[in-house]
Amino acid sequence: MFVTAAYAQSTTTEGEAHEPAAAGEVHTETGVAPEGEHGTGVFPPFDSTHFASQLLWLAITFGLFYVLMSKVIIPRIGGILETRHDRIAQDLDEASRLKGEADAAIASYEQELATARAKGHSIADTARETAKAKATADRTAVEADLAKKITAAETRIADIKSKALADVGAIAEETATAVVKQLIGGTVTKAEIAAAVKASAGN
Amino acid sequence: MSNDPTHQFLVNKIVPIEIGGIDFSFTNASLFMVATVGVAAGFLYLTTSQRGLIPTRMQSVSEMSYEFIASMLREGAGSHGMKFFPMVFSLFMFILTANLLGMFPYFFTVTSQIIVTFALAVFVIGTVILYGFYKHGLGFLKLFVPHGVPGVLLPLVVAIEIISFLSRPISLSVRLFANMLAGHITLKVFAGFVTSLSALGALGIGGAILPLIMTVAITGLEFLVCFLQAYVFAVLTCMYLNDAVHPGSH
């Protein structure tokens, strides 16, 4: 509506060399304007006839705009941003909580691993100690057994040796008797030969 | 179409209203103030109606403008200044939307009226003065006495400070008004060259290419200016509010 009115008005002004500052044009300007409201011929933005109307309507519209902004729009956008901010903070908290949980899980896993490793070590140690003790015990037993056998063998050897040595004396006497008999043809008393053998054995 | 570049700034009555002998008519300026409020509030309202946790493109535009002004105000006036957030946000959105609506052909530019920008500037400075005296009493006057000035120079400096404070509403309003006015006039003049040159026949049409390119380029520039002036207005508002919140801190 306004555009057509303005356009109609502008078409009527067309063709007239309109000079706002020129006093001669004031009458054409008043003639053109339907209500003659800008008949002062001043530069339109400085036309004070509309100041009251502009101020009133600016006060009404800007006042309404201010109320709308402060009561509706700003709380709403502020609320949206707040919600988003809270949501992001909440998500970050959740993420850090989950990270904490993961860290705790890793820590407990590590600890369990360490415990298991220590336990494994101790089991191995125990086994090693047991095996070692058993081996030592076995070896001691075997050694004792061997020592016993060696002692028995030594005793037997000594027995056999002494027996053999005793036999050697008798054999030497017989041999000596036989040798003497052969050489001399006489007989030597058994006691003399025994003394002689003993004497040579003593050498 | 008129070739008069100032014609676009004429205020026309749509619904004549007169109260107590004063003209309060609903004019085309009033219409575009209503349109500005409708477009800005409607955009912000509709784009945020989903309240999406993950914003749509349009919702993120609304959120970006919110966060843009919020960070601007927090940097300019500190966290104590955040109570003025609705005011700065409303001013920025109103001026930005009014500037951008003015870029449509045949649309009226609300911010090209000195009385409108002056009223907005007075609103800002008035808020600064009222809040400053309400919060700090006479301590607000420390604003005019900078620290570390030698006693001899003090009267001169105070006088300069007072003058600069008083010139703020003027500079604030004239900056926005003059930028919008000059931009639209330039645009209109170059666009007028295109029509008048192309009326001169083949050679004229060839010659009209240059102003046409200029018109396109200036249109782009004007969109930048629309945003920039709304931004400058909001930044300066934040700076002036900082004086009300922390007087004597500069």
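Counting of residues starts from 1 at the beginning of each chain's written sequence and follows it residue by residue. Chain labels run from A onward and ligand labels from 1 onward, assigned in the order the entries are written. Per-residue local features are limited, in this predicted model, to residues with pLDDT of at least 70; the limit for side-chain atom pairs, both in listing and counting, is 80 or more; totals at the level of whole chains, interfaces and linings are taken over all residues.

## Notes on the overall build of chain B
Each helix is a run of H or I in the DSSP string that is no shorter than four residues. Each strand is a run of E no shorter than two, and both are numbered from the N terminus. The helix and strand inventory of chain B stands at seven helices and four strands. Traced from its N-terminal end to its C-terminal end, chain B shows the element sequence β-β-β-β-α-α-α-α-α-α-α. C-alpha atoms of chain B, sized along the principal axes, occupy 70 × 55 × 45 Å. Counting other C-beta atoms within 10 Å of a residue's own tells you its class, since 20 or more makes it buried, 12 or fewer makes it exposed, and anything in between is partly exposed; those C-beta atoms are placed from the backbone. Sorting the 250 residues of chain B into buried and exposed places 39% on the buried side. Here contacts are defined at the residue level, using C-beta atoms placed from the backbone and a cut-off of 7 Å between them. A fraction of 65% describes how many contacts in chain B between residues 6 or more apart in sequence connect residues 24 or more apart.

## Comments concerning the overall build of chain A
A count of helices and strands for chain A gives four helices and zero strands. Residues classed as buried in chain A amount to 10% of the 203 residues present. Nonlocal contacts in chain A, meaning residues at least 24 apart in sequence, comprise 11% of its contacts between residues at least 6 apart.

## Describing the interface of chain A and chain B
If you look at the interface, chain A gives 45 residues, while chain B gives 49 residues. Among the elements of the structure, α1 (2-13) and α3 (51-184) of chain A are those that each provide at least two residues to the side of chain A that touches chain B. Considering every element that reaches the side of chain A that touches chain B, the biggest residue donor is α3 of chain A, with 26 residues. Throughout, the ten residues Ala, Val, Leu, Ile, Met, Phe, Trp, Tyr, Cys and Pro are labelled nonpolar, Asp, Glu, Lys and Arg are labelled charged, and all others, Gly among them, are labelled polar. Residues that form the side of chain A that touches chain B fall into these classes: 27 nonpolar, eleven polar and seven charged.

## Some words on the environment of glutamine 54 of chain A
Summarising the element assignment, glutamine 54 of chain A is placed in helix α3. In contact with glutamine 54 of chain A, other than residues within four places in its own chain, are Ala29, Gln113, Ile115 and Val116 of chain B.

## Observations concerning unusual backbone geometry
Keep in mind that most residues, glycine aside, have a negative phi and that most peptide bonds are trans. Residues and elements named next belong to chain B. Backbone geometry places arginine 51, a non-glycine residue, at a positive phi of 50°. One non-glycine residue with positive phi stands out, namely tyrosine 106, at about 75°. In this fold, tyrosine 106 is placed in the loop between α3 (85-101) and α4 (114-136). For tyrosine 106, a count of 12 C-beta atoms within 10 Å translates into the label exposed.

## So, α3 of chain B
Helix span is expected to be 1.5 Å times the residue number reduced by one. When the terminal C-alpha atoms of α3 of chain B are compared, their 24 Å separation across 17 residues agrees well with the 24 Å that a helix rising 1.5 Å per residue should span. Taken across its 17 residues, α3 of chain B has 14 buried, putting it largely inside the fold.

## As for the packing of α4 of chain B against helix α7 (residues 209-245) of chain B
Residue and element names in this part refer to chain B. The convention used is that axes are lines fitted to C-alpha atoms, helices contributing only their stretch in contact, and that angles between N-to-C directions extend from 0 to 180 degrees. The contact between α4 and α7 brings their axes to 8 Å, and the two run at 15°. As summarised for this structure, α4 and α7 are arranged roughly parallel, according to the angle between their axes. Between α4 and α7 lies a crossing of right-handed hand. Of α7, the residues touching α4 (which contributes Val124, Ile125, Val128, Tyr131 and Gly132) are Thr237, Tyr240, Leu241, Asp243 and Ala244. The residue makeup of the contact of α4 with α7, split by class, is seven nonpolar, two polar and one charged. Small angles under 35 degrees read as roughly parallel and large ones over 145 as roughly antiparallel, with 65 to 115 read as roughly perpendicular and the rest as oblique. Helix crossings fall into two classes, left-handed where the near helix is turned counterclockwise from the far one by less than a right angle and right-handed where it is turned clockwise.

## Re the nonpolar core
In this usage, the nonpolar core is the set of buried Ala, Val, Leu, Ile, Met, Phe, Trp, Tyr and Cys residues whose C-beta atoms join them within 7 Å. With 60 residues, the main nonpolar core has Val88, Phe92 and Ile95 of chain B as its most contacted residues. For this core, the elements supplying multiple residues, two or more each, are α3 of chain A together with α1 (28-47), α2 (57-77), α3, α4, α5 (154-198) and α7 of chain B. Ranked by residues supplied to this core, first place goes to α3 of chain B with eleven residues. Excluding residues that lie within four positions of it along the chain, isoleucine 95 of chain B makes contacts with Thr111, Leu176, Ala230 and Phe233 of chain B.

## With respect to the environment of phenylalanine 68 of chain B
Along the chain, phenylalanine 68 of chain B falls in helix α2. On a C-alpha basis, the gap between phenylalanine 68 of chain B and threonine 186 of chain B in space is 30 Å, while along the polypeptide they are 118 residues apart.

## A word on the confidence of the model for chain A
All names here are of chain A. pLDDT is defined as a per-residue confidence score from the predictor, taking values between 0 and 100. Averaged over every residue, the pLDDT of chain A is 79; residues scoring 70 or more account for 77%. Within chain A, helix α2 (residues 26-32) has the poorest average pLDDT of any element, 39, and α3 the best, 91. Low pLDDT (under 50) marks residues 1-40, which in the prediction has 50 contacts with non-local residues, meaning those over four places away or in another chain.

## Focus: α3 of chain A
Here α3 of chain A is 134 residues long and its end C-alpha atoms lie 185 Å apart, about the 200 Å a rise of 1.5 Å per residue gives. Little of α3 of chain A is tucked away, with eleven of its 134 residues classed as buried. All of the buried residues in α3 of chain A are Ser53, Gln54, Trp57, Leu58, Thr61, Phe62, Phe65, Met69, Ile73, Ile77 and Ile80 of chain A. Here the buried face of α3 of chain A lies against β3 (22-23), β4 (26-27), α1, α2, α3 and α4 of chain B. One or two positions beyond α3 of chain A, positive phi appears at glycine 185 of chain A, with a value near 85°.

## Observations regarding the confidence of the model for chain B
Close inspection of predicted coordinates is inappropriate in any region flagged by low pLDDT. Across chain B, the average pLDDT comes to 89, with 98% of residues at 70 or higher. Predicted complex, confidence summary: ipTM 0.89, pTM 0.70.

## Examining the environment of alanine 230 of chain B
Residues and elements named next belong to chain B. For alanine 230, the position within the fold is in helix α7. Spatially, the C-alpha atom of alanine 230 lies 8.9 Å from that of threonine 97, the residues being 133 residues apart in sequence. Beyond its immediate sequence surroundings of up to four residues, alanine 230 is in contact with Phe92, Ile95, Leu96 and Asn99.

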